[in-house]
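# An overview of the molecular structure
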Amino acid sequence: MNDLRVTLVQGDTRWHDPAGNRDYYGGLIAPLRGATDLVILPETFTSGFSNDAIGNAETMAGATVEWVREQAARLDAAVTGSVQLRDGEGVYNRLLFATPDGALSTYDKRHLFRYAREHERYAAGRDRLTLDWRGWRICPLVCYDLRFPVFSRNRFDVERAGQLDFDLMIFVANWPSARAYPWKTLLRARAIENLCYVAAVNRVGTDGNGLHYAGDSAVIDYVGQPVTECADVETVVTVTLSAAELAAHRERFPAMLDADAFELL
């Protein structure tokens, strides 16, 4: 593993404006070519978190999927974030992970936010995604998934012989400021218990439902210490994750060898 440069893009997503958001986020990330390995956008970055956006959901052949691919190729970096996408009879809160070679991986949000009635409008995903990027194994998840530690558990000797499932966990979110303390606390818990880095991107501003978002995007290391934390302003920040320091921590504190085995149904 080499070190990995990760960029958090904490923006003020425009309400129900896919074209405007593509222009807005495209402008924020334009200077990053050659300066990062991974660009992380917020959850539902083309519309904001809205049950009403379902009527304008794009398909995998739509403009946003193509835009994400184009940005990855232009920046020579992976680009990820989630959007509402129609697939068959359902609309999913689907995370896209595009790489410069044109490859695209997807993850459909498994845990739908009942408190906001997301489960009444959107279809739930089932399977977790883990993928390889520039020597790192990555597990990208979406917002409410953060509250479910079993689904995000980093198992040992399951997906990779003699290793943990992943090295970096990503969360893309629209997490209102009223629940900022759980957000900050759970990010640290997920990093500590999984012996991994966590990179999390939340939005800022106030959405069309009147909900305020304080950002609080962050990169947390494997012992729960912040590598970087963002304030309540539009922010684009790049940090470098140390492969050597992660490996050394796992070597001296191999808690994964004492973990419980389980199967997720």
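Look up a bit, the structure's there.
All of the points below concern the structure found in this document. Remember, it's a predicted structure, so these values are computed and weren't measured experimentally. Here the residue numbers are simple positions, counted from 1 along each chain's written sequence. Given that this is a predicted model, residues contribute local features only at a pLDDT of at least 70 and side-chain atom pairs are listed and counted only at 80 or more, while totals for whole chains, interfaces and linings are drawn from all residues. The side-chain quantities take in all heavy atoms of the structure and omit both hydrogens and water.

Let's shift gears to the packing of aromatic side chains. Each Phe, Tyr or Trp ring, with Trp reduced to its six-membered ring, pairs with another whose centre is within 6.5 Å; inter-plane angles below 30 degrees give stacked pairs, above 60 give edge-to-face pairs, and intermediate values give tilted ones. A full pass over the atoms with the stated rule returns 10 aromatic pairs. Arranged with centres 5.8 Å apart and planes meeting at 40°, the rings of Phe45 and Trp67 form a pair that is tilted. Pair noted here: Phe45 is in the loop between strand 2 (38-40) and helix 2 (63-75) and Trp67 is in helix 2, with a separation of 22 residues, a long-range link. By relative accessible area, which is 9% here, Trp67 ends up buried. Between the aromatic rings of Tyr197 and Tyr222, the centroid separation amounts to 5.3 Å while the plane-to-plane angle is 80°, which identifies the pairing as edge-to-face. Of the two residues, Tyr197 sits in strand 9 (residues 197-201) while Tyr222 sits in the loop between strand 12 (218-220) and strand 13 (226-229), which places them 25 residues apart along the sequence. By the burial criterion, Tyr197 is buried, and Tyr222 matches it. Through a chain of ring-to-ring contacts, the aromatic side chains of Tyr24, Tyr25, Phe45 and Trp67 assemble into a single cluster. Sitting above the plane of the Tyr24 ring, Arg14 keeps its charged end 3.8 Å from the centroid. Runs of E in the DSSP output that reach at least two residues are strands. Runs of H or I that reach at least four are helices, and both are numbered from the N terminus. Classification of residues uses two cut-offs on accessible area relative to the type maximum, computed with a 1.4 Å probe and protein chains only: under 20% is buried, over 50% is exposed, and between them is partly exposed. The rule is short: NZ of Lys or CZ of Arg within 6 Å of the ring centre and within 35 degrees of the ring normal puts a charge over the ring.

Moving on, we get to the pattern of salt bridges. Opposite charge on two side chains permits pairing when their charged atoms draw close. Here, a salt bridge means any side-chain nitrogen of Lys or Arg that lies within 4 Å of a carboxyl oxygen of Asp or Glu. For the structure on display, the rule yields 22 salt bridges. Residue Arg5 pairs with Asp37 through a salt bridge whose shortest N-O separation is 3.1 Å. Taken together, the positions of Arg5 in strand 1 (residues 4-10) and Asp37 in the loop between helix 1 (18-29) and strand 2 put the pair 32 residues apart, joining distant regions of the chain. According to the relative accessible area criterion, Arg5 is partly exposed, its value standing at 28%.

Here Gly215 shows up in the loop between strand 11 (212-214) and strand 12. For the pair Gly215 and Thr235, spaced 20 residues apart in sequence, the C-alpha separation works out to 8.8 Å. Here, residues are in contact when the closest pair of their heavy atoms is within 4.5 Å. In this structure, Gly215 is in contact with Gln10, Trp183, Asn202, Arg203 and Val204, ignoring residues within four places of it in sequence.

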